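Each chain, written out:
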Amino acid sequence: MFQRKVDVGPSDPFNIANTKNAPHETLKRWRQAALVLNASRRFRYTLDLRKEEEKEQRRRMVRTHAQVIRAAFLFRLAGEQQTDTPIASPTTCGDYTIGVEQLASMTRNHNISSLQQYGGVKGLSGLLRTNLETGINGDDTDLLKRRDAFGSNTYPQKKGRSFWTFLWEAWQDLTLTILIIAAAVSLVLGIQTEGLKEGWYDGGSIFFAVILVIVVTATSDYRQSLQFQNLNEEKRNIQLEVMRGGRTIKVSLYDIVVGDVVPLKIGDQVPADGILISGHSLAIDESSMTGESKIVNKDQKEPFLMSGCKVADGVGTMLVTGAGINTEWGLLMASISEDTGEETPLQVRLNGVATFIGIVGLSVAVSVLVVLLARYFTGHTRDPSGKVQFVKGETSISEAINGVVKIFTIAVTIVVVAVPEGLPLAVTLTLAYSMRKMMADKALVRRLSACETMGSATTICSDKTGTLTLNQMTVVEAYVGRKKINLPADFSQLHPSVVSLLNEGIAQNSAGNVFVPKDGGDVEVSGSPTEKAILSWAVKLGMKFDVARAESTVIHAIPFNSEKKRGGVAVKRPDSVVHIHWKGAAEMMLASCTGYLDSNGCLQSIDEDKDFFKGAIDAMAACSLRCVAIAYRLYEKEKVPSDEESLNHWVLPKDNLVLLAIVGIKDPCRPGVKEAVKICMDAGVKVRMVTGDNLQTAKAIALECGILCSEEDAIDPIIIEGRVFRALSENEREQVAKKITVMGRSSPSDKLLLVQALRKGGDVVAVTGDGTNDAPALHEADIGLSMGIQGTEVAKESSDIIILDDNLASVVKVVRWGRSVYANIQKFIQFQLTVNVAALVINVVAAVSSGDVPLNSVQLLWVNLIMDTLGALALATEPPTDHLMHRSPVGRREPLITNIMWRNLIIQALYQITILLVLNFGGLSILHLTHDARAHAVEVKNTLIFNAFVMCQIFNEFNSRKPDEVNIFRGVTRNYLFMGIVGFTFVLQIIIIQFLGKFTSTVRLDWKLWLASLGIGFFSWPLAVVGKLIPVPNSPFGVCLIKPCGRCVRDRTDTSNNKRV
């Protein structure tokens, strides 16, 4: 109840729970509200709203340009047809009798007349030296010739920003610019008053410190940029199948050449411009090119395919006629910048924190400036020797200006330290590091926000096939008629008529392919895992794939669809007999069957044996087998549509089927999946299985994977069918969704409904998907995880993260990395705020009380470098630990600064402030310097304060690694970057103190004072251990403060009400 009261209200511009699909107005609000010193750097990795608008305008312009050209061409073509103007004959291009311009013009203008003049797709294939059945030769010489003649399938990309650009952006920081101006003034005045030999140190040292900050900042930012560029290259590099030399192989999108034969299926991206060779129910989503959400059916009347479009339905093969810059998609991609950035919820919240701290720091800096100026001009400021710095009428104008410049420089430097510009950028630093490491863990992050949102995931809705299982399917059991066939076996046990129908149904009703090498090598089977399993089974039993396909002709096909759970094909045999073959979910197919062929080839009624087949399906499902039924029926050839348009819309009849076979396909559980599920459960993340398989198969796999603990858990609604869940009301779905662990026979729309119900119930949902129809669920979920191996391009584009090996264990690693991102940012916040608080308080107290500050501008800039860029590098790149998976998920509204962090921060800051103020005011007597020359004594004291302060930060970096653990050294030796940065900081500090005193206004310290500095820093370790023994409340401090106030208000209200009564 109280948590809601302290949550940031909707009016807070930094309160954006989810930046995924956030409106541009919301994103503009937080940018305008942020206190920013260097906008070009701070907003570098956020969505560039201006560029995004320009990109959309450019996209519309290219589309309009293409449509205008096409309209003009059609108008000209109509005129030519009336006057019988002949179309130009093809010109040669190298070894090919058609040129790149003619191909590009024909495809871009959808010129069907040109295509017909070239002899249709068959004639065009001859001009391009391509075999429509087996594809191009595909050897290196052939590919090189084609690229030389028609271009490669790449387009010019805008170069990434150079290091000098990042250097210039780092230079844009307002405070650093002011410091450079102040340094220049100080340099001129110093040389004028003290001469060149001594006078350049003050201004030169500030200038050098600023340059160091700029170079280190630019180097860090440049390295991040290179990491993001590499990741973007990975995202663009799509792998797809092509037919070369008679075999189906996978190649990169960039390796496609003109003349390639490319098979297309649901969810694929059209890789280049081309012509349809053949297809069934092929529908293309051309919205990416035309801007209209319209699905276009492709056939011989409309055969042109545009690069970049998606296959919405059906199957087909295309002949590539245009690649790269010779396509509209290539022109579009070359003209727009691909990456315009993206912000994450944590980044926005950190901008809010940085703005608040910046306002406080700015106020402190102004206060210090006013106090120091007042003390200076009233004669209360003395130099280290005790002499009054400003005496009215005696001090020269140049000395007064120099004094004012030094005071102003200190105030500006306080702003540099106080405004944590690096805090929001620490998110991109840890995300860049995490994303690079996640690639090694088989996860490709497409959206930055998903990486951190995974740390808040409370449930994972996982597919079964390929994610929980190996996706290595094999047929291990089959029923033909009532006869059970166990492998190894062959079709000789069956009647020839049954074998013929099975061969025909398996070979023709498949998008897969069987390649038999001429040299007698191993048979290569391609296609989806289910199709490969059935084709391999049939081949082992004696099926000759090419022969089976040659014996009949496909009239029409309905590709398998995860919504319908079946696929069918109508074929015409040489004797003009028409067969319709179906293949799909066993129990659904069984419901459509009225008979079956026994092993002797005799047709039997299925009514009496239906229970036998149901029992066989249940028995196979109980053994974790996927059950697929193969059936057919005869069809009157007179009823087959005769014209192409009617044929394209023909719905194949699926009743009165004759059952041919039921096969049981084994897909073993992945090794380690049970351990992965247990890790999730221990981490408070519930794993739910959502599968299209039979409920019994799903239950068996869930028990095997540990998603269901025992048979007793397998009750309704813990396990449920998709159709049952679908039939519930919205409120009922929300109630039931929490209890669901396994959903069987689910369609993609059921998955979407489950995701919506869980999100309404407050869950942060991660969902896996591989099909085109999964795209809405992937888009709706907080984190959409697509499959890298089995996933379609549509699914991948709708997802936030691509799991490259389709493995649940990789999903669990993503959760660890998500939690690590959040934990690393919290470590950095704790470290940086401790430095901020200590530095500000020490300088303010010293300035107000004595008119001088112990930490000068150069020293503060060095501290800023330690806590900002170097601190972020050290703490934001900590690798994830197993400890993270023993916590609950990070709440979306959980405060960034937890009670544990406040405790650690306050203890360390108070310790540093106390020690350093004691040294500041009593250092001369404590260090026995009262008898030394005052100027030298003050310099030694201030040097010790500076050195002790830096040592405190170095030792506190170790404390910040483990905010809630006593052992802060666990795993530290494995983090080479952390150890390197700490070592670099320590060595540089020694050099600064011992050798660069003129620049930093310090003096050399003897070994006793070095030991004292190290001792002060070292004491923060045992202090941190003691501090961690202090208990803190679970409720945020804000809630703890509000509770007594709320109680007090209620008591007063009750008292006043009683008085009235």
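Keep in mind the model is a prediction, meaning the values are calculated, not measured. (Residues numbered from 1 in each chain as written. Predicted model: local features only at pLDDT ≥ 70, side-chain atom pairs only at ≥ 80, totals over all residues. Heavy atoms only, no water.)

A. The state of the cysteines, seen in detail. All told, the structure shown has zero disulfides when counted by the stated rule. Left without a disulfide partner, cysteine 705 is nearest to the cysteine sulfur of cysteine 669, which lies 3.2 Å away. Residue classification places cysteine 705 among the buried residues on the basis of a relative accessible area of 0%. (Disulfide = S-S within 2.5 Å. Buried < 20%, exposed > 50% of the residue type's maximum accessible area, 1.4 Å probe, protein only.)

B. Looking closely at unusual backbone geometry. Cis rather than trans, the peptide bond between aspartate 716 and proline 717 has omega equal to 5°. With respect to the helices, strands and loops of the structure, proline 717 is situated in the loop between helix H26 (695-705) and strand E22 (719-721). Positive phi, normally seen in glycine, also occurs at aspartate 806, with a value near 55°. The residue aspartate 806 is located in the loop between strand E26 (801-803) and helix H32 (808-850) in this model. (Helix = DSSP H or I, 4+ residues; strand = E, 2+ residues; numbered from the N terminus.)

C. Region of the structure containing the confidence of the model for the chain. Mean pLDDT over the chain: 81, with 84% of residues reaching 70 or higher. Contacts for the low-pLDDT stretch residues 1-10, under 50 throughout, to residues beyond four places or in other chains number 14 contacts. (pLDDT = per-residue confidence, 0-100. Contact = heavy atoms within 4.5 Å.)

D. Here's a closer look at the pattern of salt bridges. Using the criterion set out here, one finds 32 salt bridges in the structure. Residue aspartate 260 pairs with arginine 244 through a salt bridge whose shortest N-O separation is 2.7 Å. Linking aspartate 260 in the loop between strand E2 (247-252) and strand E3 (261-264) with arginine 244 in strand E1 (residues 239-244), this pair joins segments that are 16 residues apart in sequence. The residues aspartate 260 and arginine 244 share a single accessibility class, namely buried. As a salt-bridge pair, aspartate 693 and lysine 464 come within 3.0 Å of each other at their nearest N and O atoms. Of this pair, aspartate 693 sits in the loop between strand E21 (686-690) and H26 while lysine 464 sits in the loop between strand E9 (459-462) and strand E10 (474-480); the two residues are 229 residues apart in sequence, bridging distant segments of the chain. Each member of the pair, aspartate 693 as well as lysine 464, is classed as buried. (Salt bridge = Lys/Arg side-chain N within 4 Å of Asp/Glu carboxyl O.)

E. The pairing of strand E7 (residues 310-322), seen in detail. With four bridges joining them, E3 and E7 adopt antiparallel strand pairing. Note on E7: the bridge partner recorded for valine 262 is methionine 318. Pairing analysis gives 10 bridges linking strand E4 (residues 273-285) to E7, with the strands arranged antiparallel. Across the sheet, serine 278 pairs through a bridge with threonine 317, a residue of E7. (Pairing = 2+ DSSP bridges.)

F. Examining the side chain of glutamine 859 more closely. Looking at the secondary structure, you find glutamine 859 in helix H33 (residues 857-875). Judged by relative accessible area, glutamine 859 falls into the buried class, the value being 2%. Side-chain polar atoms of glutamine 859 contact the backbone oxygen of threonine 1000, separated by 3.1 Å. Ignoring sequence-local partners within four residues, the contact set of glutamine 859 consists of Pro854, Phe946, Thr1000, Ser1001 and Thr1002. (Polar contact = N/O pair within 3.5 Å; in protein donor to acceptor, adjacent residues only side chain to side chain.)

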